Amino acid sequence: MCIFRQGSGATFIIISGKPKPIYLGGPNSQNILFIFFPMLWADLMYAERVEEYLETILYLIMKNQGPAKTTQIAEELNVSPPSVTEMIKKLSAQGFVEYIPYKGVEFTDEGAEMALKLKRKHQVLETFLTDILNFDRRVAHMEACELEHAVSDSVLEKLYEFLGKPDYCPDGNPINLDLCNIGPADPLIPLDEMEEGSCGTIVRVTLSREMKNRLNSLGVLPGEELEVKRKQKQGSISINVVGSEVALGKDVAKKIFVTPE
């Protein structure tokens, strides 16, 4: 029996009875795996494809506040509508989704649970990459898309604990969603990405309690309107809020999320 775990640019084979995994090397290891284990390679690729579909369907259901249209799924994944139809049939047979004619695709309880689990994994990895390894948010998103298929649940929970069990991901969205609070993602942007002269309303601050209290005393709290006065080359930013000018470092500004006007 063989189980595969694929990371970014590396592939391992874990074989029952072996004390250690067999490492196949760097990026070309995928070709080695395909040549020597074509059936198992196909299974691995199918499993990753299932996860991509579930995450996409979850995103669209949250966006639509209703079923995901097959045309939307095709557009998001850049595949043909017939390919989507075929995959939806497979997901339905596995008990993950239900297709409602003329409406779209909805999750079963099992499918929703798996999709939320995948989303949480992506968010935790994204948080680790941005907060600890200082990746740019956009790069972190792409790397998390690759890593989420390989990281085990136990490793993920250790990372989550290491990060201090954060409530929000770098995009300002809640990490621990459940079936009862699935809603559309807020159209938020981090304060450090706003342009000079732009205005918005503070929606969320994902900093420590001590830092939140300091910001609250300056008027930087959810519900307050602000204007970006100046941005410095080193990343610091000056804002006008409740009639006063406040200077913030980049590390603080990237944790303040705003709905732009």
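Conventions and cut-offs
- Residues numbered from 1 in each chain as written.
- Predicted model: local features only at pLDDT ≥ 70, side-chain atom pairs only at ≥ 80, totals over all residues.
- Heavy atoms only, no water.
- Pairing = 2+ DSSP bridges.
- Helix = DSSP H or I, 4+ residues; strand = E, 2+ residues; numbered from the N terminus.
- Axes fitted to C-alpha atoms, helices over the stretch in contact; angles between N-to-C directions.
- Parallel < 35°, antiparallel > 145°, perpendicular 65-115°, else oblique.
- Left-handed = near helix turned anticlockwise from the far one by under 90°.
- Contact = heavy atoms within 4.5 Å.
- Nonpolar A, V, L, I, M, F, W, Y, C, P; charged D, E, K, R; others polar.
- Salt bridge = Lys/Arg side-chain N within 4 Å of Asp/Glu carboxyl O.
- Buried < 20%, exposed > 50% of the residue type's maximum accessible area, 1.4 Å probe, protein only.
- Polar contact = N/O pair within 3.5 Å; in protein donor to acceptor, adjacent residues only side chain to side chain.

Below, the discussion takes up the sheet that holds strand β10 (residues 244–248). Across a sheet, strands are paired by hydrogen bonds formed along the backbone, either parallel or antiparallel in direction. Taking strand neighbours across the sheet as the criterion, the 6 strands line up as β6-β11-β7-β8-β9-β10 in an open arrangement whose pairing is antiparallel. Of all strands in the sheet, those with a lone pairing partner are β6 (189–190) and β10, marking the two edges. Across 5 bridges, the pairing between strand β9 (residues 237–241) and β10 is antiparallel. Looking at the pairing, N240 lines up with E245 of β10.

What follows concerns the packing of helix α3 (residues 70–77) against helix α4 (residues 81–93). Running from N to C, α3 and α4 cross one another at 110 degrees; their axes reach a closest spacing of 9 Å. If you check the angle between α3 and α4, you find them roughly perpendicular. In the crossing of α3 with α4, the sense of the turn from one axis to the other is right-handed. Residues T70, I73 and A74 of α3 form the contact with α4, whose participating residues are P81, V84 and I88. Grouping the amino acids of the contact of α3 with α4 by side-chain chemistry returns 5 nonpolar, 1 polar and no charged.

Here the phi dihedral of Q65 falls at roughly 55 degrees; this positive angle occurs in a residue that is not glycine. Structurally, Q65 is set in the loop between α2 (38–64) and α3. Even without a glycine there, the phi angle at N78 is positive, about 55 degrees. Tracing the backbone through its elements, the reader meets N78 in the loop between α3 and α4.

What follows is about the pattern of salt bridges. Taken as a whole, this structure holds 10 salt bridges when the rule is applied. With its nearest N and O atoms 3.7 Å apart, the salt bridge here joins K90 to E86. With K90 and E86 both in helix α4, this residue pair falls 4 residues apart, about one helical turn. Here the residues in one salt-bridge network are K117, K121 and D153, joined through shared partners.

Our next topic: the environment of K231. With respect to the helices and strands, the residue K231 is situated in strand β8 (residues 225–231). Take K231: its relative accessible area is 29%, and that puts it in the partly exposed class. As a C-alpha pair, K231 and E195 span 36 residues in sequence and 7.9 Å in three-dimensional space. Other than its neighbours up to four places away in sequence, K231 contacts D192, E193, M194, E195, E196, S236 and I237. At 2.8 Å, the side chain of K231 forms a polar contact with the backbone oxygen of M194.

Along the chain, the position of H141 falls in helix α6 (residues 137–147). Here H141 falls in the partly exposed class, since its relative accessible area comes to 38%. Between the C-alpha atoms of H141 and T130, which are 11 residues apart in sequence, the distance is 9.2 Å. Excluding anything up to four places from it in sequence, H141 contacts H122 and E126. Engagement of the side chain of H141 in a polar contact is seen with the side chain of E126, the distance being 3.2 Å.

In short, geometric facts, not functional conclusions.
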